[in-house]
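Notes for the structure review
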Amino acid sequence: MDRDLWSGLAAFAAIVEAGSFARAAVRLGLSASALSHSMRSLETKLGVRLLDRTTRSLAPTQAGADLLLSLRPAMAAVEEALGGLDAARARPAGRIRVNAHRTAAVHVVLPRLPAFAAACPDVSVELVVDDGLTDIVAERFDCGVRHEVALQRDMIAVRISAAVPLVFVAAPAYLASHGGVREPGDLGRHRCLCYRYTSSGTVHVWEFVRDGHRFERAVPGAFVTNDVGVMGDAALAGLGVACLPLACVEDGIAAGALVEVLAGWAPVLPPNHLYYPSRRQPSAAFRAFVEAMRARPDAYRLRR
């Protein structure tokens, strides 16, 4: 097959999957102009328009959609063949793209990367921090990291952390001016820092656990953000009471910059899992990465 034609077909598939020339160019390591030129050349060679493009949107034409439907099995076969070649290498090599929510990215994935890099120096890792529910197949990630209850369907899942304890915290100065918090009912007179879910747009409803009984309670949201790091900073700044993963605030608690309130009332989130498509042909690099990410006994240690 014409080498340029095959290259153009691969570029076409990447553009459709990425949803834009800019994102596809980043993934392929090309400039957007070079990718646009490749697409125009492909359409000229085939004599048919494959993409409908406007300043705001991009979508395959019917001919483009039909072509892509036929191309995908062939491209999957090529990827599988390349995966077989990868197994014959003396040591793992390549790139791993990971999509993880912020807390897991910072406190689970990142701490394990130095040892992985030392063991597999020819493997590069791209870690995308994303608190939304991303389709890792459509976005061409090798794997994702989410809590057990938020995994995509039909995926292979590997537990990479213990359960994730939450904790209610506030700055000493805030508590000095607004009073203590001894039970959930006290929150009605406090400023609460709330989290908005990126994908659904809903605000997290605070949960409490006591004597094995779990219940929800609406709290006055004086501040709302979609980033747990920003929420932690807001708590440190004395903006109000926050409910956060312990791993995000334990240093602040140890330093006295934050104080735990409602001790014994905080729930525990399910463990984090690394997940990937069951149809995927794992490369040697990916298999090594999964092993490096497997849960360790000290991951998210429980305090009580």
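Keep in mind the model is a prediction, meaning the values are calculated, not measured. (Residues numbered from 1 in each chain as written. Predicted model: local features only at pLDDT ≥ 70, side-chain atom pairs only at ≥ 80, totals over all residues. Heavy atoms only, no water.)

Overview of the packing of helix 2 (residues 21-28) against helix 3 (residues 32-46)
Contact geometry of helix 2 with helix 3 gives a least axis separation of 9 Å together with a crossing angle of 105 degrees. The pairing of helix 2 with helix 3 is recorded here as roughly perpendicular in orientation. For the pair formed by helix 2 and helix 3, the contact residues are F21, A24, A25 and L28 on the first element and A32, L35, S36 and M39 on the second. Tallied by class, residues from the contact of helix 2 with helix 3 come to seven nonpolar, one polar and no charged. (Axes fitted to C-alpha atoms, helices over the stretch in contact; angles between N-to-C directions. Helix = DSSP H or I, 4+ residues; strand = E, 2+ residues; numbered from the N terminus. Parallel < 35°, antiparallel > 145°, perpendicular 65-115°, else oblique. Contact = heavy atoms within 4.5 Å. Nonpolar A, V, L, I, M, F, W, Y, C, P; charged D, E, K, R; others polar.)

Points about the pattern of salt bridges
Inspection of every chain in the model, using the stated rule, returns seven salt bridges. One salt bridge in this structure joins D52 and R49, with 2.7 Å as the shortest N-O distance. Among the ionic pairs, R294 bridges to E291, the shortest N-O distance being 2.9 Å. Residue R294 is classed as partly exposed on the basis of its relative accessible area, which comes to 37%. (Salt bridge = Lys/Arg side-chain N within 4 Å of Asp/Glu carboxyl O. Buried < 20%, exposed > 50% of the residue type's maximum accessible area, 1.4 Å probe, protein only.)

Re the nonpolar core
For soluble globular proteins, the rule of thumb is that nonpolar side chains tend to be buried together. In this structure, I96, C143, V145, L274, F286, F289 and M293 are the most contacted members of the largest nonpolar core, which totals 22 residues. Counting residues per element, the ones that place at least two in this core are strand 3 (94-100), helix 5 (102-119), strand 5 (143-147), strand 15 (272-277) and helix 9 (284-293). Setting aside residues no more than four positions away along its own chain, C143 makes contact with R97, V98, N99, I136, L274, Y275, Y276, F286 and F289. Formed by 20 residues, the second largest nonpolar core is a distinct cluster that contains L9, A24, L42 and L58. (Core = buried A, V, L, I, M, F, W, Y, C linked by side-chain atoms within 4.5 Å.)

Structural notes on the sheet that holds strand 5
Spatially, 4-3-5-15-6 is the arrangement adopted by the five strands of the open sheet, whose pairing is mixed. Among the strands making up the open sheet, the edge pair consists of strand 4 (123-129) and strand 6 (155-159). Ignoring strand direction, the axes of neighbouring strands in this sheet form an average angle of 25 degrees. Two elements, strand 5 and strand 15, share four bridges in a ladder whose sense is antiparallel. Within strand 15, the residue paired with H147 across the bridge is N272. Sitting on the sheet, helix 5 is in contact with strand 3, strand 4, strand 5 and strand 15, with an inclination near 170 degrees to strand 4. Along the sheet face, helix 9 touches strand 3, strand 4, strand 5, strand 6 and strand 15 and points at about 165 degrees away from the line of strand 15. (Pairing = 2+ DSSP bridges.)

A closer look at helix 5
An ideal rise of 1.5 Å per residue puts 26 Å on 18 residues; helix 5 measures up with 25 Å between its terminal C-alpha atoms. The largest bend in helix 5 amounts to roughly 40 degrees and is located at V109, with the proline P111 lying one to four residues further along. Buried within helix 5 are the following residues: T103, A104, A105, V108, V109, R112, L113 and F116. (Expected span 1.5 Å × (residues − 1). Bend = angle between axes of the 7 residues up to and from the residue.)

Section: the packing of aromatic side chains
Enumeration over the complete set of coordinates arrives at seven aromatic pairs. Pairing F215 with W265 gives two aromatic rings, centres 6.2 Å apart and planes at 90 degrees, and the pair type is edge-to-face. Pair noted here: F215 is in strand 10 (residues 213-217) and W265 is in the loop between strand 13 (259-261) and strand 14 (268-269), with a separation of 50 residues, a long-range link. The class of F215 is partly exposed, set by a relative accessible area of 21%. Consider the rings of Y276 and F286, whose centres lie 4.8 Å apart with planes at 80 degrees: the pair is edge-to-face. Taken as a pair, Y276 in strand 15 and F286 in helix 9 lie far apart in primary sequence, 10 residues in all. On the accessibility criterion, F286 (1% relative accessible area) is buried. Within the aromatic cluster, the residues linked to one another by ring pairs are F168, W206, F208, F215 and W265. (Phe/Tyr/Trp six-rings, centres within 6.5 Å; stacked < 30°, edge-to-face > 60°.)

Some remarks on the confidence of the model for the protein
Close reading of the predicted structure is inappropriate where its pLDDT is low. Chain-level pLDDT for the protein is 86 on average; 89% of the residues reach the 70-or-more range. Counting interchain partners and residues more than four positions distant, the pLDDT-below-50 stretch residues 297-304 has 26 contacts. (pLDDT = per-residue confidence, 0-100.)

Let's talk about the pairing of strand 10
Where strand 9 (residues 206-210) meets strand 10, five bridges bridge the pair, whose relative direction is antiparallel. By the bridge assignment for strand 10, F208 is matched with F215. Counted along the chain from strand 9 to the antiparallel partner strand 10, the turn is two residues long, and its residue D211 has a positive phi close to 55 degrees.

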